[in-house]
Amino acid sequence: MMSELMYYLQFNFVIYALIVGVLIALCASLLGVTLVLKRYSFIGDGLSHVAFGAMAIATVLKLVNINIIVMPVTIIVAVILLRTGSKSMLKGDAAIAMLSVTSLAFGYMIMNVFSASSNVSGDVCSTLFGSTSILTLDAAEVTICIVLSVLVIAAYILFYNKIFAVTFDETFADATGVPSKRYNLLIAIIIAVIIVLGMNLVGSLLISALIVFPALAAMRLSGTFKGVVILSVIFSVICALLGMIVSILYSTPVGATIVGMDLLWFIIAVIIGKFVI
């Protein structure tokens, strides 16, 4: 097994996939803790469906760089969702559910009516559940992912205290001079970037697993915000690495394998938290 793995590691596309996978998992786990604590853990699923709808439009328009449409649309919707408060006509979970289903249906309809491929079902399935696109990245795409990931990590570290305050009590944050709306906007932009990047790794339907599972597992083993964030990052990176390695060695679907690793790690964390700690 090790000799086979070392053989695959000789290829640049495998190295690129591992780098991108680790970075996406790391970024997703950082914001996952905040979203879970704010009870917006389902937002990853909703935004990924919105991104799918935008991707369908970009595909039909035959754009070379689909992120020209996908990234802005996902960011705008993320901002709208995170700003829906208790006085809104639609509460956060209802808005997410409505946008999620509508975007998914709209994207599938667009790809069928204006089909640009002879295998629409295959294209849709690949987009929803992840595909081998993570193994076909070139140096330019990897560079873009690295730059965006570094910006996400830097923003999180720089505004860590503000994000912490907004996560637990927005009213108190406003009272202490922390503009919660501004930092909710920052959170929305970051999570939208992560969603768009993560779709290449695990697909639209599975992206929320990268956000939710590591955070939930970490919460079983730590009682502090910083401890949960650190453990969440560690769990997420390990699961992403193991998932991609297993996928490469045994030709299993990349996204589903990573999610399976996340689920296994969560079960282990629950057992340790219940019987050991």
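Everything that follows concerns the structure shown earlier in this document.
Conventions and cut-offs
- Residues numbered from 1 in each chain as written.
- Predicted model: local features only at pLDDT ≥ 70, side-chain atom pairs only at ≥ 80, totals over all residues.
- Heavy atoms only, no water.
- Helix = DSSP H or I, 4+ residues; strand = E, 2+ residues; numbered from the N terminus.
- Buried < 20%, exposed > 50% of the residue type's maximum accessible area, 1.4 Å probe, protein only.
- Contact = heavy atoms within 4.5 Å.
- Axes fitted to C-alpha atoms, helices over the stretch in contact; angles between N-to-C directions.
- Parallel < 35°, antiparallel > 145°, perpendicular 65-115°, else oblique.
- Left-handed = near helix turned anticlockwise from the far one by under 90°.
- Nonpolar A, V, L, I, M, F, W, Y, C, P; charged D, E, K, R; others polar.
- Expected span 1.5 Å × (residues − 1).
- Core = buried A, V, L, I, M, F, W, Y, C linked by side-chain atoms within 4.5 Å.
- Salt bridge = Lys/Arg side-chain N within 4 Å of Asp/Glu carboxyl O.

Caption draft 1: Seen up close, the overall build of the protein. Helix and strand counts for the protein come out as 13 helices and zero strands. In the protein, the order of α-helices and β-strands from amino to carboxyl end is α-α-α-α-α-α-α-α-α-α-α-α-α. By residue count, 48% of the 277 residues in the protein fall in the buried class. A fraction of 75% describes how many contacts in the protein between residues 6 or more apart in sequence connect residues 24 or more apart.

Caption draft 2: Representation of the packing of helix H2 (residues 12-37) against helix H7 (residues 139-158). Axis separation between H2 and H7 bottoms out at 10 Å; the angle between their running directions is 25 degrees. Comparing the axis directions of H2 and H7 gives the class roughly parallel. For the crossing formed where H2 meets H7, the hand is left-handed. Side by side, H2 and H7 meet where Tyr16, Ile19, Val20, Leu23, Ile24, Leu26, Cys27, Leu30, Leu31 and Thr34 of the first sit next to Ala139, Val142, Cys145, Ile146, Ser149, Val152, Ile153 and Tyr156 of the second. Class assignment of the residues belonging to the contact of H2 with H7 gives a composition of 16 nonpolar, two polar and no charged.

Caption draft 3: Inspection of helix H3 (residues 43-60) at higher detail. With 18 residues, H3 extends 26 Å from end C-alpha to end C-alpha; this agrees with the ideal 26 Å at 1.5 Å per step. Burial of H3 is extensive: 15 of the 18 residues sit out of reach of the surface. Backbone geometry just after H3 places Lys62 at a positive phi near 60 degrees.

Caption draft 4: Highlighting the nonpolar core. If you look at the biggest cluster of nonpolar residues, it comprises 73 residues, and the most contacted ones within it are Leu31, Ile43, Leu47, Tyr156, Ile191 and Ile194. In contact with Tyr156, other than residues within four places in its own chain, are Leu30, Leu31, Thr34, Ile163, Phe225 and Val229.

Caption draft 5: Broad picture of the pattern of salt bridges. Applying the stated rule across the entire model yields one salt bridge. In this structure, Glu170 and Lys38 form a salt bridge, with 2.7 Å as the shortest nitrogen-oxygen distance. Of this pair, Glu170 sits in helix H9 (residues 170-175) while Lys38 sits in the loop between H2 and H3, and the two are 132 residues apart along the sequence. Under the relative-accessibility criterion, Glu170 is labelled partly exposed at 30%.

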